[in-house]
Amino acid sequence: MPASLRRQAARLRASYTRETPSLAAPGIARHRHNAPATGIGLGLDVCTAAQRRLRALLALGMFNHGPSSLWPRHVSLADITRYTLVISPRYDDLVITARAPYNVACWLVGRDRLPQIGLPGLRVESSYDEGWRLRHLPTGATMTVTGDHHGRLQGPTDPDSNYSRLWTSNIPVSDEEHTTLNALPHLTADTETLLAALTIRLCTHAPDAGWDIGTWFNDLTDRPDRGHAHHRRLSVESDQCTLHWDSDPHPEDLQAALTDPVIGLAGATSHPTRGGWLLHYGRACLTAHPEAYKA
């Protein structure tokens with residue numbers, strides 16, 4: 001893609017994702033000479049298989065919260081959404097910029113004092129001043145958490161910045177982590193792509209303020225909040241995904257984020273159902289219920 005088109009695509013992507021254009025630019029697909037101004041051309045959903053798997057696991061963690069959660073209660077990934085952050089997907093990395101980057105890293109990675117917190121198998125590979133390179137040992141995929149709004153890891157590595165002693169990449173995956181991961185349902189490539197799309201659209205919004213995801217925690221438009229319990233339940237069986245939630249975002253906003261002609265998941269289609277809507281992507285489908293799950 002010519003440099004001028006890359007800059008244009010980066011600005012377009014940033015207008016939806018809250019990235020800076022310089023943060024968005026590395027995520028734009030370089031090899032697409034005639035890339036369309038869609039989610040494909042903007043690089044949101046184009047990634048390695050390892051990244052796709054990591055993002056799907058993050059979705060299962062972030063969108064399960066509360067008494068009906070299907071994710072282990074001690075893995076509190078949903079609390080990440082309470083922070084002011086921006087998610088910047090790249091082909092072989094997932095960058096999170098945040099006002100409180102260490103707090104975000106502490107919810108993602110376990111440590112000796114709280115070994116059960118975090119995504120099973122995620123480790124600190126290197127520490128910097130206000131930044132951490134993370135690696136998910138089971139998949140090999142990387143994440144970057146940083147306070148720099150351009151997504152940079154500043155200066156030389158600094159082991160002292162890991163002051164809560166988050167688990168590092170020399171600590172192997174524990175038996176408990178293996179058990180947690182092995183208990184998850186089998187995910188096909190289409191299902192992983194669909195779940196990953198939820199993760200990377202966590203902070204998206206329409207440039208004209210027509211819809212706003214608000215990190216699943218706050219409605220950033222002038223509409224009333226949907227609720228404050230923030231209960232979520234994301235279940236998967238074969239290629240069938242079901243999502244219940246009882247707070248922000250508004251259901252039409254989530255549907256818009258996944259099907260928007262510019263920022264949506266290319267190839268995804270949706271239609272209303274009783275009490276929600278159904279989204280199809282390949283062989284996978286997501287049934288969305290904007291209400292709390294009731295057993």
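Residues numbered from 1 in each chain as written. Predicted model: local features only at pLDDT ≥ 70, side-chain atom pairs only at ≥ 80, totals over all residues. Heavy atoms only, no water.

Each helix and strand in the chain was counted, giving 7 helices and 10 strands. Here the C-alpha radius of gyration of the chain, 18 Å, is about what a compact globule of 295 residues would show, namely 19 Å. Each principal axis of the C-alpha atoms in the chain carries an extent, and together these give about 55 × 50 × 35 Å. Classification of the 295 residues of the chain by burial places 56% in the buried group. Long-range pairs, those at least 24 residues apart, make up 63% of the contacts in the chain with a sequence separation of at least 6. Accessible surface for the chain amounts to roughly 12,700 Å². Of this, 51% is attributable to carbon and sulfur atoms. Counting 29 positive and 30 negative side-chain charges, the chain places the averaged centre of each group 3 Å from the other. (Helix = DSSP H or I, 4+ residues; strand = E, 2+ residues; numbered from the N terminus. Rg over C-alpha atoms; globule rule 2.2 N^0.38 Å. Buried < 20%, exposed > 50% of the residue type's maximum accessible area, 1.4 Å probe, protein only. Contact = heavy atoms within 4.5 Å. Areas by Shrake-Rupley, 256 points an atom, 1.4 Å probe, with all protein chains shown as cover. Lys, Arg positive; Asp, Glu negative; His and termini not counted. Charge placed at Lys NZ, Arg CZ, Asp CG, Glu CD.)

Moving on: the packing of helix H3 (residues 49–62) against helix H6 (residues 189–200). Look at H3 against H6: their axes get within 7 Å of each other, and the N-to-C directions meet at 65 degrees. In the packing of H3 onto H6, the handedness of the crossing is left-handed. On the side of H3, the interface is formed by Ala 49, Arg 52, Arg 53, Arg 55, Ala 56, Leu 58, Ala 59, Leu 60 and Met 62, while H6 contributes Ala 189, Glu 192, Thr 193, Leu 195, Ala 196, Thr 199 and Ile 200. Counted by class, the contact of H3 with H6 contains 10 nonpolar, 2 polar and 4 charged residues. (Axes fitted to C-alpha atoms, helices over the stretch in contact; angles between N-to-C directions. Left-handed = near helix turned anticlockwise from the far one by under 90°. Nonpolar A, V, L, I, M, F, W, Y, C, P; charged D, E, K, R; others polar.)

In the structure shown here, the tally under the stated rule is 10 salt bridges. The partner of Glu 192 in a salt bridge is Arg 53, with the nearest N and O atoms 3.3 Å apart. Of this pair, Glu 192 sits in helix H6 while Arg 53 sits in helix H3, and the two are 139 residues apart along the sequence. Among the charged side chains, a salt-bridge network with shared partners connects Arg 52, Arg 53 and Glu 192. (Salt bridge = Lys/Arg side-chain N within 4 Å of Asp/Glu carboxyl O.)

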